[in-house]
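Here is how the chains run, residue by residue.
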Amino acid sequence: MGRGNVYVDGSDTDTRTGSAVITARAAATFEPVGRSVASARAFVRDTLQGWGYTDIIDDAVVLTSELVTNAVVHAGTTADVLCLRSEDAVRIEVADRYPEREIPLQQSLRTLGSPDREGGRGLQLCAALASRWGVEYTPTFKQVWFRLDLPERPVGTRTAGPALPVDLLPVTDPRVHVAVVQIDREGAITAWSDAAESLFGYESEKVLGRPLTDFAAWPHTPGTSTGIVEALQLSRWEGSYGIRGADGRVIPVYASHLRVRDPEGDPSTVCLLVRDHERAVLQSPHRGPAPDAATLPDAGTAADPFDTFIGSPAPDDLDGLLQRTVERARDMLDGDAAFLLLATDDETELEVRASTGLPSARQRFARVPVEAGTGRYGSARMPAVHEDLTVVPGAAPLLNGTGMRSVVTVPLKVEGRLTGSLGVAAEAPGRYSNEEALRLQFAADRIALNVESARLGELERLRRGSLSFLVEASDLLAGTLDRDQTLALMAQMTVPTLATWCAVYTIADQSSEPYLSYVLHEDEDRIDGLKALLQRIDPPDPVPTPGARVWNAPSEAAHRAALRTSMRSLGLGEPTRLAAGIGTTLATASAVGGETVVLPLVARNRVIGMLTLGKPSEEHFRQEILELAEDLSRRAALALDNARLYSERMAISQSLQRSLLPPGLPQIPGVEVEVIYRAAGEGNEVGGDFYDLFPIRDGAYGFAIGDVCGTGPEAAAVTGLARHALRLLAREGFGGPAVLERLNAAILDEGARSRFLTLLYGELWPQEDGSAVLKLVCAGHPLPLRLRQDGTVEPFAEPQPLLGVMDDLELYEQTMTLEPGDVLLCVTDGVTERREGTRMLGDDGLMDVLTNCTGLTAGAVASRVMRAVERFATDAPSDDMAILAMRVPEPHKD
């Protein structure tokens, strides 16, 4: 050992595999997360299974589970697992990165741990199960190792199964094809045997150099979490997957992988493949039945029956507990598969929550009726043994199409209430009897209360999470009244939290068809293909019935498109105009191949759209997720309808606002005119400031700028009344005072709906000498300002009473002359009352701005004034603003 190492040995012998030669090794590293413990167990089980050491698998898996748990759960570091094979033993090393978590050197083994302690049990198990064990420390890591000696076997014997009657032997085709395929370190095919060509239909020159995954029919191996790419990296591996043949059909195969080195020394994998129903040709023998914990000798302590079956420490999450349960149940009865279903609160359905040896990705969260309906689970409430499922195929719907022939199922009950169902299945018929049913029921009774407690804890966490999710969703939806943003928020809140993809359909009115308004997928590269697919199929029916309903159209359309694309790639079928390649089409089919549900968006007793949620291939929604999605759809529907109403109201307001302003400004000979109008807020209120400029008769023009008190419909009514009355009265020949006096009477006639009005009204006559004569009446409005050529600024009128307050008004007009080069500036109080804290722009500030506008055109004067107003304060303006600038240009000099 190197200097500075510390070593603790649990035996009196050496620390390695002795003088035996190490003939194989397998290594893996696991991240510090809870699921790594299950992955480490699977790694050790698969490795020893591949080496043919089935006799010691159970002990090795138990010890590895304890040691990896100490590393990734208690120490919180990565765990390195190394398996070493020799001629007579297997050594397994588990290292973590927490060397300071030492074991006392001087204490006896009895004090290393106890069932009541969080850590230390792994070393007790090592002492009890391993032939040798030890602990090594370095400054950077701690390593615990154990050695398991192999039982003696007759020379030349690896392992053997029992003799079987001829009628129980597996049936093969007239000729068994064992395809030999070699894969390089990049996953590309380097060898393709004649049997592979016969089995799959591809000639070798068409597959050499291509990745094996191009021919795989699904990305992950059914029944495991190991993908094909990961399986090719293991030292040995056995399992099932599918190969897509040259005719487009999927051929289920059973494969045995062996990791070797090619002549150049590079890593390579040799794969042996047979048809799945011929797996007995390649499959390693089954593990022998594990001893029933009920028959173990008494150790002198009262062991917890739950810990006895599950193992200690038990997983701290429900999924981990259920997965450990099905693995232990399968091992206990030497089954090929096991599964566990949990009951809904009303005990009417069972939901698949864990399985091993089955296509779990396809079955997870699938729901099965307990007592009624097609595919019901009739044996859920009582223990049941089915010797041959081909005779009663509906007895266990979960096993349909899996190749399992015999099954034993037992209920999980708490206080007489059905909480779940546990089953173990085998591929051979007649494997189980009432004796196995009693053993499995005994195990189920031990764990039922713990499973129910963990399930209730999960439900409580889900409910709390659901409440937090809905509160956040409500806040987000209430924070916008924009329709498009509401649609985007609806989709973004569901993906990926509730679903893999989402589509929102909207319905404009009762006579309109549903319209696909928004599509989102957690993989942005899939959005275009998904949208194109949904646009090609009829939308779901707008049914107002609450709750989620299954919609099969997307998955069926995707599968049809994938089939057509696959056939075209093989030269079969008629070419179509579909532009998508086979890769895009197959990816879309995989994206929408799972369960799809539709929830109605109902607001104010009307269906305004549908929220569609989808899962990828062969996945189902949990009932809790569907209930949460239903709550979200109700909130989203109301938010979407509010956004629609707001949009309609805004459109009406903006249309009305435009109608209150003149459609255009006339060209006045010899006078420059510029108007700037800025409405405050989001444009959802009408009324307020207005302006007008119109011809009265030949050579005479009227202009006005005013401000109605308040906003809304009443103010808009006064604004419209004022603008149209000014034009009518002026064109009838009335002078300025008469026009405003009659307008004042009209406003007062409105009664309670009336609003007072400040108004600057004037008439303008351009003169032949280049000047302009103005007649002005300023009724309570900010005074107009005159800018002379020399830069002086002065008010251009006198203040008079505003309109809409008194019955009898005696107004008078003032006549002024604008000389060439003079500018007349008229504004509303939104300009002069611009504030920044306690400061206000005011009349003096406006005059200072105008002083610096000498020599500018009318447009430049108006723009400079607006910029000065905007820069005066950092906040957005809170009042409407109107600026009217008129300038008499100087005559051109020759």
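Residues numbered from 1 in each chain as written. Predicted model: local features only at pLDDT ≥ 70, side-chain atom pairs only at ≥ 80, totals over all residues. Heavy atoms only, no water.

## Brief notes about the overall build of the chain
We apply this condition: The helix and strand labels rest on DSSP assignments: H or I over at least four residues marks a helix, E over at least two residues marks a strand, and numbering proceeds from the N terminus. Remark: exposure states derive from per-residue accessible area (1.4 Å probe, protein chains only) relative to the maximum for the residue type, with buried under 20%, exposed over 50%, and partly exposed in between. Residues count as neighbours in contact if any of their non-hydrogen atoms are within 4.5 Å of one another. For the accessible areas, the method is Shrake-Rupley and the probe is 1.4 Å, while residue cover comes only from the protein chains on display.
The helix and strand tally for the chain stands at 19 helices and 35 strands. Burial statistics for the chain: of 894 residues in total, 48% are counted as buried. Summarising the internal contacts of the chain: among those between residues at least 6 apart in sequence, 63% fall at separations of at least 24. Surface exposure of the chain reaches about 42800 Å², of which carbon and sulfur atoms provide 51%.

## Digging into the side chain of T828
Inclusion rule: In protein, a polar contact means a hydrogen-donor-capable atom and an acceptor-capable atom, both N or O and within 3.5 Å, with residues adjacent in sequence counting only if both atoms are side-chain atoms; elsewhere, any N or O pair within 3.5 Å suffices.
The topology assignment puts T828 in the loop between β32 (823-827) and α17 (829-832). For T828, a relative accessible area of 0% gives the class buried. Side-chain polar atoms of T828 contact the backbone nitrogen of A882, separated by 3.1 Å. Setting aside its immediate chain neighbours within four residues, T828 contacts D689, I705, G706, H781, P782, D880, M881 and A882.

## Digging into a negative patch on the surface
Convention followed: Excluding any residue in a salt bridge, patches collect residues exceeding 30% relative accessible area, merging like charges within 9 Å and nonpolar Val, Leu, Ile, Met, Phe, Trp and Tyr side chains within 5 Å. Think of a salt bridge as a Lys or Arg side-chain nitrogen and an Asp or Glu carboxyl oxygen that are within 4 Å of each other. The charged-residue count follows a simple rule in which Lys and Arg add positive charge and Asp and Glu add negative charge, with His and chain termini not counted at all. To locate a charge, the coordinates of NZ of Lys, CZ of Arg, CG of Asp or CD of Glu are taken.
A cluster of acidic residues, D194, E197, E203 and E205, forms a negative patch at the surface. Note on placement: E197 falls in helix α4 (residues 194-200). By relative accessible area, E197 is classed as partly exposed at 32%.

## Side note on the pattern of salt bridges
Between side chains of opposite charge, a pair can form as their charged atoms come close. Under the counting rule described, the total for this entry stands at 27 salt bridges. Where R45 meets D331, a salt bridge forms, and the shortest distance between an N and an O atom there is 3.6 Å. Remark: D331 occurs in helix α7 (residues 318-332) and R45 occurs in helix α1 (residues 35-51); sequence separation between them is 286 residues. Assigned by exposure class, R45 and D331 land together as buried. For R727, the salt bridge goes to D692, with nearest N and O atoms at 2.9 Å. You can see R727 sitting in helix α15 (residues 713-731) and its partner D692 sitting in strand β24 (residues 689-697), a full 35 residues away along the chain. What makes D692 buried here is its relative accessible area of 2%.

## Concerning the side chain of T494
One can find T494 in helix α10 (residues 483-494). Overall, the relative accessible area of 0% leaves T494 in the buried class. Looking at T494, its side chain comes within polar contact range of the main-chain oxygen of M490, at 3.3 Å. At a separation of 2.8 Å, a polar atom in the side chain of T494 contacts the main-chain carbonyl oxygen of A491. T494 has contacts with A499, C502, L611, L613 and L632, leaving out every residue within four places of it along the chain.

## Let's talk about the confidence of the model for the chain
This is how it is decided: Confidence per residue, as judged by the predictor, is encoded in pLDDT with a range of 0 to 100.
Averaged over every residue, the pLDDT of the chain is 78; residues scoring 70 or more account for 80%. By mean pLDDT, the top-scoring element of the chain is β32 (94), and the lowest-scoring one is strand β1 (residues 6-9) (42). A low-confidence stretch, residues 100-120 stays under pLDDT 50, and its non-local contacts, those more than four residues away or across chains, total 29 contacts. With pLDDT under 50 throughout, residues 372-376 is counted as low confidence; its partners more than four residues away or in other chains account for 10 contacts.

## Details of the environment of D879
Position of D879 among the secondary structure elements: in the loop between α19 (858-872) and β35 (881-887). D879 sits 45 residues away from R834 along the chain, and the two C-alpha atoms are 8.4 Å apart. Once residues within four sequence positions are removed from consideration, D879 is found in contact with A680, D829 and G830.

## Considering the environment of E750
Within the secondary structure, E750 sits in the loop between α16 (736-749) and β26 (757-766). Residues E750 and G804, 54 residues apart in the sequence, show an inter-C-alpha distance of 9.5 Å.

## Focus: unusual backbone geometry
Along the chain, V495 connects to P496 via a cis peptide bond; the corresponding omega equals 0°. The phi angle at N605 is positive, at roughly 60°, despite the residue not being glycine. With respect to the secondary-structure elements, N605 resides in the loop between β21 (596-603) and β22 (606-614).

## Notes on the packing of aromatic side chains
Note the following rule: Ring pairs are drawn from Phe, Tyr and Trp, using the six-membered ring of Trp, whenever the two centres fall within 6.5 Å, and their geometry is named by plane angle: stacked under 30 degrees, edge-to-face over 60, tilted for the rest.
Summed over the entire model, instances satisfying the criterion amount to seven aromatic pairs. Between the aromatic rings of W192 and F200, the centroid separation amounts to 5.9 Å while the plane-to-plane angle is 45°, which identifies the pairing as tilted. Pair check on accessibility: W192 and F200 agree, each one buried. Aromatic pair Y677 and Y691: ring centres 6.2 Å apart, planes at 45°, arrangement tilted. A residue pair is termed long-range when its members are at least 10 positions apart, and Y677 in strand β23 (residues 672-678) and Y691 in strand β24 qualify at 14 residues.

## Structural notes on the sheet that holds strand β9 (residues 236-244)
Keep this limit in mind: Any two strands with at least two DSSP-identified bridges between them are counted as paired. Here an axis means a line fitted to C-alpha atoms, over the contact stretch when the element is a helix, while the angle between two N-to-C directions is reported on a 0 to 180 degree scale.
Pairing in this open sheet of five strands is antiparallel, and the strands run β8-β7-β11-β10-β9 from one edge to the other. Edge positions in the sheet fall to β8 (189-192) and β9, since each has one partner strand and no second. Ignoring strand direction, the axes of neighbouring strands in this sheet form an average angle of 30°. Two elements, strand β10 (residues 250-261) and strand β11 (residues 267-275), share nine bridges in a ladder whose sense is antiparallel. By the bridge assignment for β11, H257 is matched with C271.

## Some words on the packing of helix α18 (residues 842-851) against α19
As a reminder, the rule being used: Geometric relationships in this document are graded by angle, where less than 35 degrees denotes roughly parallel, more than 145 denotes roughly antiparallel, 65 to 115 denotes roughly perpendicular, and other angles denote oblique. Here a crossing is called left-handed whenever its near helix is offset anticlockwise from the far helix by less than a right angle, and right-handed whenever the offset is clockwise.
At a closest axis distance of 10 Å, the pairing of α18 and α19 adopts a crossing angle of 135°. The angle between α18 and α19 places the two elements in the oblique class. Between α18 and α19 lies a crossing of right-handed hand. Taking contact as the criterion, the partners of L846, V849 and L850 in α18 are, on α19, V861, R864, V865 and A868.

## Observations regarding a nonpolar patch on the surface
A surface patch of nonpolar side chains, amounting to about 180 Å² of accessible area, comprises V176, V178 and V281. The topology assignment puts V178 in the loop between β6 (142-149) and β7 (179-184). For V178, a relative accessible area of 30% puts it in the partly exposed group.

## Things to note about the nonpolar core
The following threshold applies: In this description, a nonpolar core means a group of buried Ala, Val, Leu, Ile, Met, Phe, Trp, Tyr and Cys residues linked to one another through side-chain atoms lying within 4.5 Å.
Core analysis: the largest hydrophobic core is formed by 50 residues, its most contacted members being F703, L740, L743, L757, L759, L774 and L803. Looking at this core, the element that brings in the most residues is α15, giving seven residues. For L759, the contacting residues outside a window of four places in its chain are F690, A704, I705, G706, L726, L740, L743, V777, C778, A779, H781 and L803. Of all hydrophobic cores here, the second largest spans 49 residues; its members include L470, C502, V598 and A637.

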